[in-house]
Amino acid sequence: MIDGPSSLQSPQGHHNSSPKVRRGIGLALCERLLTEDDQIHLCLACRNMQRAKAARISLLSLHPAADISILQVNLGSLKSVCQAATEVKQRYRQVDFLYLNAGIMPNPCINLKVFLSGLFSRKVIHMFTTGEGLLTQKDQITDDGLQEVFETNVFGHFVLIRAIEPLLCHVDSPSQLIWTSSSNARKSAFSLLDYQHIQGQESYSSSKYATDLLSVALNRHFNQQIRIFTNSFTITPYNGAEALLWLFRQKPELLDPLLKYHSCTSGLGNNYVESRKMNLEEESSELFYQKLLELEKQTLKKLSESEEEYK
Ligand SMILES: NC(=O)C1=CN([C@@H]2O[C@H](COP(=O)(O)OP(=O)(O)OC[C@H]3O[C@@H](n4cnc5c(N)ncnc54)[C@H](OP(=O)(O)O)[C@@H]3O)[C@@H](O)[C@H]2O)C=CC1
Ligand SMILES: CC(C)CCC[C@@H](C)[C@H]1CC[C@H]2C3=C(CC[C@]12C)[C@@]1(C)CCC(=O)[C@@H](C)[C@@H]1CC3
């Protein structure tokens, strides 16, 4: 099983030999999964090996008998994604659960006008749970020539899923693919004509809507063997892992691919999972899927050509 990257950081933000654990949803999920069943094999796929090792140590301190391995992957680099996929195929014959957790929101900027008018309106709860229209981000371009938020939050995951497809599609025991979206996903922030969100300033909202769209197409193309789900705004990483853990216990064939599963917390502090229909059309999801297949073809070709050049 692969988990999304864990969240660990040294106190000053740079790496040393004993980085301090920064708790994100990925690590909280691993802890909760091991509490549920410490016989599972966990593989932590992280971009930073120091943090991955520290996450492993922290999990082992709570579950000494756990079987935990680590793997390096930077989702913002196609080369790294392809290398990680090759490594996964060498190590495993099947992946039962693939949690796609990594997601970035670089340089967020709050729109104070929207915040203040939202604060005194009936939409105040909606604003605090979805952050709709509240934040803008400054995106940048990766070495692959793609928008960083799009590549990290969407395309890197997409290429990884496709590259390890043979490990996911087993007739007798279907795999479950659980992809973290957000209640910040917004249809109006996304455009099929600008799916990398080059022109706008809400790359995070756009990337999470892209995740929702892709989840529907992937379900169709993987012949109902893979289910993809999402979660919403979280107060603590433990709460944020609620829907992810709930999905671990579900039979994938009984879940509706058009629903999004949100981790929620009541006023009394109780966690629960709520399903909501996604605001999307299946035709758009298919069109987007086809566009990503084309982009994958182009970018992987470019990558292999540049690798040939360096030989
Ligand atoms: N927190 C919230 O309120 C909500 C979060 N979400 C989503 O949940 C997921 C986890 O969020 P959260 O735990 O809060 O966030 P964190 O920032 O704590 O964790 C995100 C993780 O993604 C990893 N990551 C970032 N970029 C890359 C990359 N290029 N390659 C590999 N790994 C990468 C980070 O690794 P590293 O440690 O190296 O930085 C980090 O561990 C995200 O997808 C987020 O969008 C959704 C709704 C609400
Ligand atoms: C006094 C300050 C001006 C208060 C500012 C509060 C905001 C920083 C938060 C209010 C709602 C929050 C929110 C998110 C980030 C922080 C806020 C904007 C997210 C966008 C974080 C990532 C997600 O995936 C969303 C679901 C969150 C929605 C709410």
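Owing to the predicted nature of the structure, the values given are computational and were not obtained by experimental measurement. (Residues numbered from 1 in each chain as written. Chains lettered and ligands numbered in written order. Predicted model: local features only at pLDDT ≥ 70, side-chain atom pairs only at ≥ 80, totals over all residues. Heavy atoms only, no water.)

Q: How do you make sense of the overall build of the protein chain when you look at a structure like this?
A: Secondary structure summary: the protein chain contains 11 helices and 9 strands in total. Going through the 311 residues of the protein chain one by one, you find that 52% of them count as buried. Put simply, 71% of the contacts in the protein chain that link residues at least 6 apart link residues at least 24 apart. Of the roughly 15400 Å² of accessible surface on the protein chain, a fraction of 52% belongs to carbon and sulfur atoms. (Helix = DSSP H or I, 4+ residues; strand = E, 2+ residues; numbered from the N terminus. Buried < 20%, exposed > 50% of the residue type's maximum accessible area, 1.4 Å probe, protein only. Contact = heavy atoms within 4.5 Å. Areas by Shrake-Rupley, 256 points an atom, 1.4 Å probe, with all protein chains shown as cover.)

Q: When you look at helix α3 (residues 78–91) in this model, what are you seeing that I'm missing?
A: Every α-helix carries 3.6 residues per turn, so stepping three or four residues along brings you back to the same face. Taking 1.5 Å of rise per residue, the 14 residues of α3 would be expected to cover 20 Å, and the 20 Å separating its terminal C-alpha atoms lies within 8% of that figure. If you check which residues of α3 are buried, you get Leu 78, Ser 80, Val 81, Ala 84, Ala 85 and Val 88. Angularly, the buried residues of α3 cover 155° about the axis, an arc narrow enough to put them on a single face. (Expected span 1.5 Å × (residues − 1). Arc of directions from axis to C-beta.)

Q: Can you walk me through the pairing of strand β7 (residues 176–179) in this structure?
A: Going residue by residue along β7, you find Gln 176 and Ile 178 tucked away on one face and Leu 177 and Trp 179 tucked away on the opposite face as well. Of the pairings in the sheet, the one linking strand β4 (residues 97–100) to β7 comprises 4 bridges and is parallel in character. By the bridge assignment for β7, Phe 97 is matched with Gln 176. (Pairing = 2+ DSSP bridges.)

Q: Quick question: what am I supposed to make of the packing of aromatic side chains here?
A: Two aromatic rings, taken as a pair, are described by how far apart their centres are and by the angle between their planes. The full count for this structure, using the stated rule, is 10 aromatic pairs. Their ring planes at 20° and their centres at 6.3 Å tell us that Phe 155 and Phe 158 sit as a pair that is stacked. Here Phe 155 pairs with Phe 158, and both are found in helix α6 (residues 148–163), just 3 residues apart, close to one helical turn. Here Phe 155 and Phe 158 have matching classes, each one buried. Aromatic rings pair up to connect Phe 150, Phe 155, Phe 158, Phe 190, Tyr 195, Tyr 209, Phe 288 and Tyr 289 into one cluster. (Phe/Tyr/Trp six-rings, centres within 6.5 Å; stacked < 30°, edge-to-face > 60°.)

Q: Looking at this model, I keep getting lost on the packing of helix α8 (residues 203–221) against helix α11 (residues 282–310). Mind explaining?
A: How two helices sit against one another is set out by the angle between their axes and by the gap between those axes. The N-to-C vectors of α8 and α11 enclose an angle of 85°; their axes lie 8 Å apart at closest approach. The orientation of α8 relative to α11 falls into the category roughly perpendicular. Along its contact with α8, which presents Ala 210, Leu 213, Leu 214, Val 216, Ala 217, Leu 218, Arg 220 and His 221, the element α11 presents Glu 282, Ser 284, Ser 285, Glu 286, Phe 288, Tyr 289, Gln 290 and Leu 292. Classifying every residue of the contact of α8 with α11 gives 9 nonpolar, 4 polar and 3 charged. (Axes fitted to C-alpha atoms, helices over the stretch in contact; angles between N-to-C directions. Parallel < 35°, antiparallel > 145°, perpendicular 65-115°, else oblique. Nonpolar A, V, L, I, M, F, W, Y, C, P; charged D, E, K, R; others polar.)

Q: I keep staring at the layout of surface pockets and nothing clicks. Help me out?
A: Gaps left between atoms are located by rolling a probe of water-molecule size over the structure's atoms. Roughly 420 Å³ of internal volume is contained in the second largest pocket. What lines the second largest pocket is a set of 18 residues, among which Gly 76, Ser 77, Thr 142, Asp 143 and Asp 144 lie closest to the centre. Those elements that provide at least two residues to the lining of the second largest pocket are α3, α6 and α11. Of the residues forming the lining of the second largest pocket, the biggest block, 6 residues, is contributed by α11. Residues of the lining of the second largest pocket, tallied by class, amount to 4 nonpolar, 7 polar and 7 charged. (1 Å grid on protein atoms, 1.4 Å probe; cavity = no way out; pocket = protein on both sides within 12 Å on 5 of 7 lines; lining within 4 Å. Points joined across faces, edges and corners; volume = space filled by probe spheres on them.)

Q: Can you walk me through the packing of α6 against α11 in this structure?
A: At a minimum axis separation of 11 Å, α6 and α11 run at an interaxial angle of 80°. Compared by their axis directions, α6 and α11 come out roughly perpendicular. Taking contact as the criterion, the partners of Phe 150, Val 154, Phe 155, Phe 158, Val 159 and Arg 162 in α6 are, on α11, Phe 288, Tyr 289, Leu 292, Leu 293, Leu 295, Glu 296 and Thr 299. Within the contact of α6 with α11, the residues separate by chemical class into 10 nonpolar, 1 polar and 2 charged.

Q: How should I be thinking about the confidence of the model for the protein chain in this particular structure?
A: Keep in mind that low pLDDT regions are not for reading the predicted coordinates in detail. Put simply, the protein chain has an average pLDDT of 89, and 89% of its residues get 70 or more. Listed scores for the predicted complex are pTM 0.92 and ipTM 0.97. (pLDDT = per-residue confidence, 0-100.)

Q: When you look at α6 in this model, what are you seeing that I'm missing?
A: Helix geometry: α6 is bent most strongly at Phe 155, by close to 40°. Within α6, 13 of the 16 residues are buried, which leaves the element mostly enclosed by the surrounding structure. (Bend = angle between axes of the 7 residues up to and from the residue.)

Q: Which parts of the structure should I look at to understand empty space enclosed by the protein?
A: The tally for this structure, following the rule as stated, stands at 2 cavities of 30 Å³ or more. Volume-wise, the second largest cavity comes out at about 30 Å³. Around the second largest cavity, the lining residues are Val 149, Phe 150, Val 154, Tyr 195, Gln 196, His 197, Ser 203, Ser 206 and Ser 207. Put simply, the parts of the chain that give the lining of the second largest cavity at least two residues each are α6 and α8.

Q: Where do I start with the pattern of salt bridges in this structure?
A: Two side chains that carry opposite charge are able to pair once their charged atoms sit near each other. Tallying each qualifying case throughout the model produces 13 salt bridges. When the shortest N-O distance is used, the salt bridge between Glu 242 and Arg 32 registers 2.9 Å. Taken together, the positions of Glu 242 in helix α10 (residues 242–248) and Arg 32 in helix α1 (residues 25–36) put the pair 210 residues apart, joining distant regions of the chain. Arg 32 shares its class with Glu 242; the two are buried. When the shortest N-O distance is used, the salt bridge between Glu 305 and Lys 301 registers 3.7 Å. Remark: Lys 301 and Glu 305 occur in helix α11; sequence separation between them is 4 residues, near one turn of the helix. Its relative accessible area of 42% is what places Glu 305 among the partly exposed residues. (Salt bridge = Lys/Arg side-chain N within 4 Å of Asp/Glu carboxyl O.)

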